[in-house]
Amino acid sequence: MTAKIRPSKGAPYARILGVGGYRPTRVVPNEEILKHIDSSDEWIRTRSGIATRHWAGPDETVAAMSVEAGGKAIADAGLTPEQIGAVIVSTVSHLKQTPAIATEIAHLLGTGKPAAFDISAGCAGFGYGLTLAKGMITDGTAEYVLVIGVERLSDLTDLEDRATAFLFGDGAGAVVVGPSKEPAIGPTVWGSEGDKSDTISQTLPWDVYRDQSAADVRYPALRQEGQAVFRWAVYEMAKVAQQALDEAGVAADELDAFIPHQANMRIIDSMIKTLKLPEHVTVARDVETTGNTSAASIPLAMERLLATGQAKSGDTALVIGFGAGLVYAATVVTLP
Amino acid sequence: MAATQEEILEGLAEIVNEIAGIPTEDVLLDKSFTDDLDVDSLSMVEVVVAAEERFDVKIPDDDVKNLKTVGDAVDYILKHQG
């Protein structure tokens, strides 16, 4: 017989309740990058807007950075770790694939037995995680969800590649998502364009080390086709951002902040121009001192805007992540 | 109606001026975008996208790298404009 199944009962809406970030102690200026590539501080700044980035030390593991950021986000939300019902970790630079690092992070944070899993959605990972969290809360499968974006991209950086050596940074950003009486996370506009999967990718799969002597193989690193990615990010992603505003029913002049993935200052500047964002909108420019931290960049930038008073709790922000896949996710949120 | 070589050069000069701040009179057929006009690879993408809109032409990423001089771009647009 087909039994009647009791439906799960979720909250009417979801919101970001708290945010936390962790930046590794070691600050790496452009001068240090220039030891390995023929370039200049001016060239790097003009092409990327990046002046410094943080690179993790041996103890600043993917798990350790996540625990720092996650713990802060939980405290910022006014919760205790035991209240977390699910932990979603987005990363492309946790180099041990099994088990998911989310379970260890959940354990180290002192949560109970939450659902815990990793996702891989490159620089859109935060938006993907946020969207899953919102769905879980409104579905009722979790009350509070911890979403962490974390990367140690210095492990996947080719120090001798002059096109990318200066781009990447390490760090972790986290938010706690929970129930809300009012809508505070808009509809997500997301998607993938797998026909462009080669434009940003790891150079080699790990199994080259099984098939060949490690001495013969250059260690895998991230590579990208700069011009193709720039065009896609600026022009296609501006359309996605606009669509996220339209679907949320929020006009550009109602925005307080714009928090795009911190890939490159030139992308951010061109996106603002293409989107015709009003001047009063605060734009996150964390990339200057944090570099591109992929999945961690949006929550780190959000945390910094709030910590420095450039944005405040209750402000309306447009967030958009985009990157390797290619994948993208944009939505409008109320800041915690 | 398709644009003439002169019109394309004039339009490109305006685009380069707007994006890179180069005086329009400096944008001449024999000038190299990177070496003479200081248009870097990312600004070049902006120039290309603006040119696509203005001249109803598609310039795929693979072709962008062959456009070394202003003349290369003018010729490309002349051949491919809609």
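Residues numbered from 1 in each chain as written. Chains lettered and ligands numbered in written order. Predicted model: local features only at pLDDT ≥ 70, side-chain atom pairs only at ≥ 80, totals over all residues. Heavy atoms only, no water.

Undergrad: Can you tell me about the nonpolar core, naming the residues and giving the values?
TA: Membership of the largest hydrophobic core comes to 52 residues, with the highest contact counts inside it found for A:F258, A:L318, A:I320 and A:F322. If you list the elements that add at least two residues to this core, you get α7 (226–248), α8 (265–275), β13 (316–323) and β14 (327–334) of chain A together with α2 (41–55) of chain B. Of all the elements, α7(A) adds the most residues to this core, at 12 residues. Among the domains, domain 1 (13–180) and domain 2 (189–334) of chain A are the pair contributing at least three residues each to this core. The residues contacting A:I320, other than those within four sequence positions of it, are A:M237, A:V240, A:A241, A:F258, A:I259, A:P260, A:H261, A:M271, A:I298, A:A329 and A:A330. Judged by nonpolar contacts, the second largest core, of 36 residues, contains A:Y128, A:I298, A:L306 and A:A317. (Core = buried A, V, L, I, M, F, W, Y, C linked by side-chain atoms within 4.5 Å. Buried < 20%, exposed > 50% of the residue type's maximum accessible area, 1.4 Å probe, protein only. Helix = DSSP H or I, 4+ residues; strand = E, 2+ residues; numbered from the N terminus. Domains from an automatic or database assignment. Contact = heavy atoms within 4.5 Å.)

Undergrad: Give me the lowdown on the layout of surface pockets, citing residues and values where you can.
TA: Residues and elements named next belong to chain A. Of the pockets and cavities examined, the largest pocket occupies roughly 1,000 Å³. Every residue lining the largest pocket is counted, 45 residues in all, and those nearest its centre are F168, I200, S201, L222 and Q224. Examining the composition of the lining of the largest pocket, we find that 6 residues originate from one element, α7, more than from any other. Its residues assigned to classes, the lining of the largest pocket shows 23 nonpolar, 18 polar and 4 charged. Taken domain by domain, the makeup of the lining of the largest pocket includes at least three residues from each of domain 1 (13–180) and domain 2 (189–334). In this structure, the second largest pocket encloses a volume near 450 Å³. (1 Å grid on protein atoms, 1.4 Å probe; cavity = no way out; pocket = protein on both sides within 12 Å on 5 of 7 lines; lining within 4 Å. Points joined across faces, edges and corners; volume = space filled by probe spheres on them. Nonpolar A, V, L, I, M, F, W, Y, C, P; charged D, E, K, R; others polar.)

Undergrad: Any chance you could break down the sheet that holds strand β1 (residues 13–22) of chain A for me, citing the residues and the numbers?
TA: Pairing between the strands of a sheet is mediated by backbone hydrogen bonds and can be parallel or antiparallel. Residues and elements named next belong to chain A. If you trace the 5 strands from one edge of the open sheet to the other, you get β1-β7-β6-β4-β5, paired in mixed fashion. The outermost strands of the open sheet, each flanked by one partner alone, are β1 and β5 (115–119). Averaged over neighbouring strand pairs, the angle between their axes works out to 20 degrees when direction is ignored. Where β1 lies against strand β7 (residues 170–180), 9 bridges are found, and the strand directions are antiparallel. Among the inter-strand pairings, G18 is bridged to a residue of β7, identified as V176. (Pairing = 2+ DSSP bridges. Axes fitted to C-alpha atoms, helices over the stretch in contact; angles between N-to-C directions.)

Undergrad: Requested: an account of the packing of aromatic side chains, with residues and values cited.
TA: All names here are of chain A. Under the criterion given, the structure shown has 6 aromatic pairs over all chains. Relative to F166, the ring of W43 has its centre 5.9 Å away and its plane inclined at 85 degrees; by these criteria the two rings are edge-to-face. Of the two residues, W43 sits in helix α2 (residues 41–48) while F166 sits in the loop between β6 (145–152) and β7, which places them 123 residues apart along the sequence. On the basis of an interplanar angle of 75 degrees and a centroid distance of 6.4 Å, the ring pair of W232 and F322 is categorised as edge-to-face. With a gap of 90 residues between them, W232 in helix α7 and F322 in strand β13 connect regions that are remote in the sequence. (Phe/Tyr/Trp six-rings, centres within 6.5 Å; stacked < 30°, edge-to-face > 60°.)

Undergrad: Quick rundown of the UniProt feature "domain: Carrier" (unreviewed entry) in chain B? Include the residues and the values.
TA: Listed under "domain: Carrier" (unreviewed entry) in the UniProt record, and renumbered for this structure, are residues 6–81 of chain B. In this annotation, residues 6–81 of chain B is assigned 59% helix and 0% strand; the end-to-end C-alpha distance for the span is 14 Å. (UniProt positions renumbered as here; feature names shortened; annotations may be inferred.)

Undergrad: I'd love a proper account of the side chain of B:S32, names of residues and values included.
TA: All names here are of chain B. By the secondary structure assignment, S32 is in the loop between α1 (5–20) and α2. Residue classification places S32 among the buried positions, given a relative accessible area of 11%. A polar atom in the side chain of S32 sits 3.0 Å from the backbone nitrogen of D35. With near-sequence residues (within four places) excluded, S32 lies in contact with L37, K68 and T69. (Polar contact = N/O pair within 3.5 Å; in protein donor to acceptor, adjacent residues only side chain to side chain.)

Undergrad: Which residues make up helix α4 (residues 101–109) of chain A, and what are the values?
TA: Residue and element names in this part refer to chain A. Those residues of α4 that sit buried are I101, A102, I105, A106 and L109. The buried residues of α4 occupy one face: seen down the axis, they fall within an arc of 140 degrees. The inward-facing, buried residues of α4 abut α3 (62–76), β4 (86–90), β5 and β6. Residue G110 follows α4 closely and has a positive phi angle near 85 degrees. (Arc of directions from axis to C-beta.)

Undergrad: Explain the domain arrangement of chain A to me, and be specific about the residues and the numbers.
TA: Residues and elements named next belong to chain A. When its domains are assigned, chain A resolves into domain 1 (13–180) and domain 2 (189–334). The largest share of the area that domain 1 buries against domain 2 comes from R23, C123 and L156, three residues that together contribute 20% of it. Of the charged contacts in the structure, one is a salt bridge between R23 and D286, with a shortest N-O distance of 2.7 Å. For the interface between domain 1 and domain 2, the tally reads 20 residue pairs in polar contact (both at pLDDT 80 or more). For the side of domain 1 that touches domain 2, the secondary-structure elements that each account for two or more residues are β1, α2, β3 (52–55), α5 (125–139), β6 and β7. (Buried area = accessible area lost by both parts, 1.4 Å probe. Salt bridge = Lys/Arg side-chain N within 4 Å of Asp/Glu carboxyl O.)

Undergrad: Requested: an account of the UniProt feature "modified residue: O-(pantetheine 4'-phosphoryl)serine" (unreviewed entry) in chain B, with residues and values cited.
TA: Residues and elements named next belong to chain B. UniProt's feature table lists "modified residue: O-(pantetheine 4'-phosphoryl)serine" (unreviewed entry) at S41, given in the numbering used throughout. Here S41 is to be found in helix α2. In this structure S41 comes out as partly exposed when scored by relative accessible area, which is 35%.

Undergrad: Requested: an account of the sheet that holds strand β12 (residues 282–283) of chain A, with residues and values cited.
TA: Residue and element names in this part refer to chain A. Spatially, β8-β14-β13-β11-β12 is the arrangement adopted by the 5 strands of the open sheet, whose pairing is mixed. Every other strand in the sheet has two partners, leaving β8 (189–192) and β12 as the edge strands with one partner each. Examined bridge by bridge, β8 and β14 share 4 bridges and lie antiparallel to one another. Each residue of the ladder has a partner; that of V189, found in β14, is A330. Running over the sheet, α7 touches β8, β13 and β14 and is turned about 40 degrees from β14.

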